[in-house]
Amino acid sequence: MKKETQAIHATNLVDETAGAIATPIFLSTTFLRDEDGSYPKGHMYSRNSNPNRDALENGLAILEGGAKAFAFASGLAAVSAVFQCLKSGDHVLMPSVGYYASMKLADEIMGPWGLQMSQVNMEDLDAIRAAIQPNTKLIWVETPANPLLGISDIQAISTLAHSLGIFVGVDNTIATPILQNPISLGADIVMHATTKYIGGHSDVLGGAIIVRDDEWSARLKRVQILMGATQNPLDCYLLARGLKTLPLRMREHSASALALAQRLEKHSAIEQVHYPGLTSHPQHALAKHQMPHGFSGMISIQVKGDEANARRVASELKLFQQATSLGGVESLVEHRRSIEGPDSKTPGNLLRLSIGLEHVDDLWEDLNSSLMPKKL
Ligand SMILES: *Cc1c(COP(=O)(O)O)cnc(C)c1O
C-alpha cells in the first residue's frame with residue numbers, strides 16, 4: 001500500500017465496545033488481569049504499553065519501514081533514550097551542525113554521564129572516517145540539518161559505519177517518514193521530534209524512535225519502560241491523528257517551500273537562500289536521491305545587511321509569526337542566533353522559515369513587503 005493509505009489505516013484500533021471509527025482514548029493507567037494471572041488484552045500498566053501508544057507506534061514503524069517504534073514525551077527524551085542504550089565509555093560521533101538542544105544534551109548531560117562525545121562535519125565522509133575511534137558505537141546524523149539545511153549521505157555513512165561495527169542513528173524530523181526513510185538507506189535507528197510535522201498543529205510535544213531490528217528494539221523497550229519518559233495516551237491519540245494527514249501536508253509544505261525558495265533566491269534583499277530543493281544547494285543531487293518526493297517546508301535565508309536588519313524583517317512579517325519550532329500549519333519565522341545564545345555558530349543575518357499551509361501567494365506577499373527596508 002502507498003503511504004497515504006498506510007498513514008490512515010495503520011494508526012487505527014478496532015473498537016470492540018462501541019464500534020467507533022475514530023480510535024477511542026484509553027486514559028486508564030492499569031489493565032485487568034485474568035483469573036490465571038495473564039493479561040488478556042496484552043496490556044498491564046500504561047508505562048509499559050497502552051492502546052493509543054500501540055496505535056501511534058504501529059503507524060510510525062510501518063511508515064518508516066522499521067521493526068518497531070517507541071513513543072516518548074518529547075523529541076529530546078527520544079534522543080536521550082538512544083544514548084541510554086549505550087554504556088559508559090562508549091564513543092558517539094555527533095554532527096557539528098544540528099539541532100542545538102541535541103548537541104547540548106550530548107555535551108552537558110551525556111558527556112558527564114560517561115559517554116564520550118565528539119563532533120564532526122557530517123557532510124564530509126573523510127572527516128567522519130578520521131574521527132572514528134576504537135570505542136565508537138554510534139554515529140548520529142541529522143539531515144536535513146538545523147539550521148542551514150545541509151545534507152548528510154545516509155547510505156555512505158551507514159556503509160562506512162557498518163564495516164566497523166558501528167550503528168547509525170538519523171534525526172529525520174525535518175524530512176518526516178513521508179519524504180525520507182533512513183532505514184531503507186542503511187540506518188539502524190530513526191528519530192523524530194513528533195512535536196513538529198507529525199503533530200503538525202503546534203499543540204503536542206513528542207518524540208519517537210524507530211529501529212531496524214529486534215536487538216535495538218529489545219534495548220529501547222527496556223529504556224522506555226525503565227527510564228519512563230513515555231508518551232501519554234491523549235498525546236498519542238493526537239499524534240496518530242496527525243499522522244493521517246501527514247502525506248498530504250508534506251506535499252503542500254514542500255511545494256510552497258520550493259516555490260518560495262525559488263522566488264526568494266531572485267529577491268534583491270537576499271544574500272543567500274538555503275533550501276535542499278534548489279539546484280544551487282551544494283548537495284542538491286544527494287538531497288534528491290535521499291528525498292525523492294519533496295524537500296520539506298524549511299527554508300533558511302540570509303538577509304543582506306546586518307543582524308539588526310534581519311531582526312527587523314522578522315518583526316515586520318505579519319503572516320509569519322515570530323516563534324521557535326517548526327512543522328505546524330501556521331508559518332513561523334525565527335532569528336536562530338538570538339535563540340541559541342552567545343555560543344551560537346549561526347550567522348546573525350539568518351532567519352529560519354517554517355513554511356505553513358497558508359496560500360503560497362499570501363506568504364510571498366508578506367515576505368516580499370517585509371524584506372524591503374521601509375523608506376520614511
Ligand atoms: C524540535 C527538534 C528536536 C527536539 O524535539 P523536542 O520535542 O523539542 O524535544 C530534535 N531534533 C530536531 C531536528 C528538532 O527540530
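Now for a description of the structure that goes with this document.

### Section: the overall build of the protein
Along the backbone of the protein there are 13 helices and 12 strands. Taking 2.2 N^0.38 as the reference for a compact globule, 376 residues should give roughly 21 Å; the C-alpha atoms of the protein span a radius of gyration of 21 Å, in line with that estimate. Counting only C-alpha atoms, the protein reaches 80 × 55 × 35 Å along its principal axes. Per-residue burial for the protein yields a buried fraction of 55% across its 376 residues. Counting contacts in the protein only where the partners sit at least 6 residues apart, residues at least 24 apart contribute 70% of the total. Element-wise, carbon and sulfur atoms account for 56% of the exposed surface of the protein, whose accessible area totals about 16200 Å². The average position of the 33 basic charges and that of the 39 acidic charges among the side chains of the protein differ by 1 Å.

### A look at the sheet that holds strand 8 (residues 270-274)
Taken together, the five strands give an open sheet; going across it, the order is 8-9-12-11-10, and neighbouring strands pair in mixed fashion. In this open sheet, the two strands that pair with only one neighbour each are strand 8 and strand 10 (321-322). Across five bridges, the pairing between strand 9 (residues 298-303) and strand 12 (residues 350-354) is antiparallel. Within strand 12, the position partnered with M298 by the bridge is S354. Packing against the sheet, helix 11 (residues 307-316) makes contact with strand 9, strand 10, strand 11 (332-335) and strand 12, and its axis sits at approximately 160° to strand 11.

### Notes on the site of the ligand
Of all residues adjacent to the ligand, which total 15 residues, the nearest are G75, L76, D171, T195 and K196. A distance of 2.9 Å separates an oxygen atom of the ligand from a polar atom in the backbone of G75. K196 places a side-chain nitrogen or oxygen 2.6 Å from an oxygen atom of the ligand. Coverage of the ligand by the protein chains reaches 93% of its 380 Å² of free accessible surface. Mapped onto the shell around the ligand, the elements with two or more residues apiece are helix 3 (75-84) and strand 6 (189-193). Across the shell around the ligand, the residue classes tally to six nonpolar, six polar and three charged.

### Things to note about the packing of helix 3 against helix 4 (residues 100-113)
The N-to-C vectors of helix 3 and helix 4 enclose an angle of 45°; their axes lie 11 Å apart at closest approach. Accordingly, the angle class assigned to the pair helix 3 and helix 4 is oblique. With respect to the hand of their crossing, helix 3 and helix 4 are arranged in right-handed fashion. Between helix 3, through L76, V79, S80 and F83, and helix 4, the contact on the second element is made entirely by A101, S102, L105 and M110. Broken down by class, the residue content of the contact of helix 3 with helix 4 amounts to six nonpolar, two polar and no charged.

### What about the environment of I174?
You can see I174 is positioned in the loop between strand 5 (167-171) and helix 7 (176-179). Setting aside residues no more than four positions away along its own chain, I174 makes contact with P144, N146, L149, Y197, M250, S296 and M298.

### Examining the sheet that holds strand 7 (residues 207-211)
Pairing is mixed across the open sheet formed by seven strands, whose spatial order is 1-7-6-5-4-2-3. At either end of the open sheet lies a strand with only one pairing partner, and these are strand 1 (68-72) and strand 3 (116-120). Each adjacent strand pair in this sheet contributes to an overall mean axis angle of 20°, direction not counted. Pairing of strand 1 with strand 7, which is carried by five bridges, proceeds in the antiparallel orientation.

### Here's the deal with the packing of helix 3 against helix 8 (residues 214-227)
It is the contact of helix 3 with helix 8, at a shortest axis distance of 9 Å, that shows an interaxial angle of 120°. Classified by the interaxial angle, the pair formed by helix 3 and helix 8 is oblique. For the pair helix 3 and helix 8, the crossing hand works out as right-handed. Counted together, A81, V82 and Q84 of helix 3 and W216, L220, V223 and M227 of helix 8 form the full contact between these two elements. Tallied by class, the residues present in the contact of helix 3 with helix 8 amount to six nonpolar, one polar and no charged.

Calculation criteria
Residues numbered from 1 in each chain as written. Predicted model: local features only at pLDDT ≥ 70, side-chain atom pairs only at ≥ 80, totals over all residues. Heavy atoms only, no water. Helix = DSSP H or I, 4+ residues; strand = E, 2+ residues; numbered from the N terminus. Rg over C-alpha atoms; globule rule 2.2 N^0.38 Å. Buried < 20%, exposed > 50% of the residue type's maximum accessible area, 1.4 Å probe, protein only. Contact = heavy atoms within 4.5 Å. Areas by Shrake-Rupley, 256 points an atom, 1.4 Å probe, with all protein chains shown as cover. Lys, Arg positive; Asp, Glu negative; His and termini not counted. Charge placed at Lys NZ, Arg CZ, Asp CG, Glu CD. Pairing = 2+ DSSP bridges. Axes fitted to C-alpha atoms, helices over the stretch in contact; angles between N-to-C directions. Near = heavy atom within 4 Å. Polar contact = N/O pair within 3.5 Å; in protein donor to acceptor, adjacent residues only side chain to side chain. Nonpolar A, V, L, I, M, F, W, Y, C, P; charged D, E, K, R; others polar. Parallel < 35°, antiparallel > 145°, perpendicular 65-115°, else oblique. Left-handed = near helix turned anticlockwise from the far one by under 90°.

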